[in-house]
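Spelled out from the first residue to the last, the chains are:
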Amino acid sequence: MKISGIGSSLPKQVVTNQMLAEILDTSDEWITTRTGIKERRVLSSEYVLDLAVDAAQKALVDANLEAKDLDFVIVANVVNEYVTPALSCIVKEKIGAKCPCIDLNGACVGFIYACDIAEAYYKIGRVKNVLVVCAEAPAHMLDWHDRTCAVLFGAGAGAAVLTPGDNIITTRLTSSDGWDRLYEMHDLQWCPFDKKGSTNLPLVMHGQDVFRFATSTCVNDLNVVLKEANLTADQIDTYFIHQANLRIIKYIEQMLGQPAEKFPTNIEKYGNTSSASLPILLDETKRAGKLHEGDMIAFSAFGAGLVSGAMIMKW
Ligand code: COA
């Protein structure tokens, strides 16, 4: 398969570090130095669904396809407004597609997981055109009094239309122990026979453990996929790294011995948008004219699970 169209969508509401410093014991200086983030977008009047539909429609236009041409819709998402049905069912109906659809909770690695599942469908000949949408609002999972988490996340959506091709060179997915390093439980309805009590607790994150996991797994995953693809780090034109912390991205640059120009970033504008991070970055890089046909590109992401993934693709 190959990516034939890409699109993204972001909420209107900008929240700067300064705005956070007015409600939390934090500062622009702390957030910028420790994370690279200057501002993020959060949902105000929009829903996650609106971002997903907008990104999907833009990707279809970019691919010059119509929704009726789609054979499968995969939506990567952690939390949205609906427990049921799957977000993909609503997105599919809103854009006018008539095909099967599933949701996938791959946390921040959702885009790579979704692409890998789609590729398997291509390999067994089940699909021609697939839509992958990553739509997230992690900022709505947080305790906004908790400065360690509230500064990191933002909302956004990115989408990719996949069509037949042989552009995926190799993909690696991993899962490691450590689910309790980054998790949140559902707020379940009260049941008179359940004695456990409320589970209404916000996101729990052990930042330093996640940081260590991220740096080690990204470097390892990228080295593995480079080896599988029989490529050196120098032969990759652009590295798309999950936008969670600029320090993580800088560490990967250093470990691979590659120049910063090969690592586009938008974390300064959007913070961590979970699975949407990679397709939003891909879309912006493409629209900035920095992707050329035949370029070799690598993706790497990590997230709650703890899961990680890397993928090498010819553009
Ligand atoms: N503003 C000001 N101070 C803050 C702060 C904030 N927003 N958040 C934490 N601090 C304080 C801590 O309380 C601590 O204070 P202390 O030394 O008095 O105890 C100090 O800053 C250092 O905290 P620490 O946790 O050691 O900072 P850090 O350098 O590890 O950075 C993260 C924290 C969360 C930015 C970093 O660990 C990280 O990015 N981890 C990965 C998170 C991630 O990527 N999650 C998503 C995965 S998909």
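Residues numbered from 1 in each chain as written. Predicted model: local features only at pLDDT ≥ 70, side-chain atom pairs only at ≥ 80, totals over all residues. Heavy atoms only, no water.

Peer 1: Just to check I follow, could you spell out the overall build of the chain for this structure?
Peer 2: For the chain, the count of helices and strands is 10 helices and 13 strands. For the chain, whose C-alpha radius of gyration is 19 Å, the value lies close to the compact-globule estimate of 20 Å for 315 residues. In terms of overall dimensions, the chain has a C-alpha envelope of 50 × 45 × 35 Å along the principal axes. Put simply, the chain has 315 residues, and 54% of those count as buried. Sequence-distant contacts, at least 24 apart, represent 76% of the contacts inside the chain between residues at least 6 apart. For the chain, the accessible surface area stands at approximately 14400 Å², while carbon and sulfur atoms represent 51% of it. Mean positive and mean negative side-chain charge positions of the chain (29 and 38 charges, respectively) differ by 2 Å. (Helix = DSSP H or I, 4+ residues; strand = E, 2+ residues; numbered from the N terminus. Rg over C-alpha atoms; globule rule 2.2 N^0.38 Å. Buried < 20%, exposed > 50% of the residue type's maximum accessible area, 1.4 Å probe, protein only. Contact = heavy atoms within 4.5 Å. Areas by Shrake-Rupley, 256 points an atom, 1.4 Å probe, with all protein chains shown as cover. Lys, Arg positive; Asp, Glu negative; His and termini not counted. Charge placed at Lys NZ, Arg CZ, Asp CG, Glu CD.)

Peer 1: Help me out: how do you make sense of the side chain of Ser275 in this one?
Peer 2: Looking at the element boundaries, Ser275 is found in the loop between helix H9 (267-270) and helix H10 (277-287). Those residues in contact with Ser275 that lie beyond four places of it in its chain are Ala76, Ala107, Cys108, Gly110, Phe111, Cys134, Ala135 and Glu136.

Peer 1: What is the right way to look at the packing of aromatic side chains in this model?
Peer 2: For any pair of aromatic rings, geometry is given as the distance between the ring centres together with the angle between the planes. Summed over the entire model, instances satisfying the criterion amount to five aromatic pairs. Ring plane angle 35° and centroid distance 4.6 Å describe the contact between Phe72 and Tyr121, whose orientation is recorded as tilted. Of this pair, Phe72 sits in strand E4 (residues 72-76) while Tyr121 is found in helix H5 (residues 110-123), placing the two residues 49 residues apart along the sequence. Within the aromatic cluster, the residues linked to one another by ring pairs are Phe111, Phe240 and Phe299. (Phe/Tyr/Trp six-rings, centres within 6.5 Å; stacked < 30°, edge-to-face > 60°.)

Peer 1: Just to check I follow, could you spell out the pattern of salt bridges for this structure?
Peer 2: A side chain of one charge can pair with a side chain of the opposite charge if their charged atoms are brought near each other. The tally for this structure, following the rule as stated, stands at 16 salt bridges. Of the charged contacts in the structure, one is a salt bridge between Lys286 and Asp62, with a shortest N-O distance of 2.7 Å. In this pair, Lys286 sits in helix H10 while Asp62 sits in helix H3 (residues 48-63), placing the two residues 224 residues apart along the sequence. For Lys286, a relative accessible area of 29% gives the class partly exposed. The class for Asp62 is partly exposed, based on a relative accessible area of 32%. With a shortest N-O distance of 3.8 Å, Lys123 and Glu119 are connected by a salt bridge. Taken together, the positions of Lys123 and Glu119, both in helix H5 and four residues apart, correspond to about one turn of that helix. For Lys123, a relative accessible area of 67% corresponds to the exposed category. When salt bridges that share partners are traced, they join Asp180, Arg181, Asp209 and Arg212 into one network. (Salt bridge = Lys/Arg side-chain N within 4 Å of Asp/Glu carboxyl O.)

Peer 1: Honestly, the site of the ligand in this entry has me stumped. Any pointers?
Peer 2: Taken together, the neighbourhood of the ligand is formed by 22 residues, with Thr26, Arg34, Arg147, Gln208 and Asn245 sitting nearest. A distance of 2.6 Å is found between a nitrogen atom of the ligand and a side-chain nitrogen or oxygen belonging to Thr26. Between the ligand and Arg147, the relevant distance is 2.9 Å, taken from an oxygen atom to a side-chain nitrogen or oxygen of the residue. Compared with its free state, where it exposes 960 Å², the ligand has 75% of that area covered by protein. When each cavity is represented as a set of grid points, the ligand is found to reside in the second largest pocket. (Near = heavy atom within 4 Å. Polar contact = N/O pair within 3.5 Å; in protein donor to acceptor, adjacent residues only side chain to side chain. 1 Å grid on protein atoms, 1.4 Å probe; cavity = no way out; pocket = protein on both sides within 12 Å on 5 of 7 lines; lining within 4 Å. Sits in = over half its atoms within 2 Å of the grid points.)

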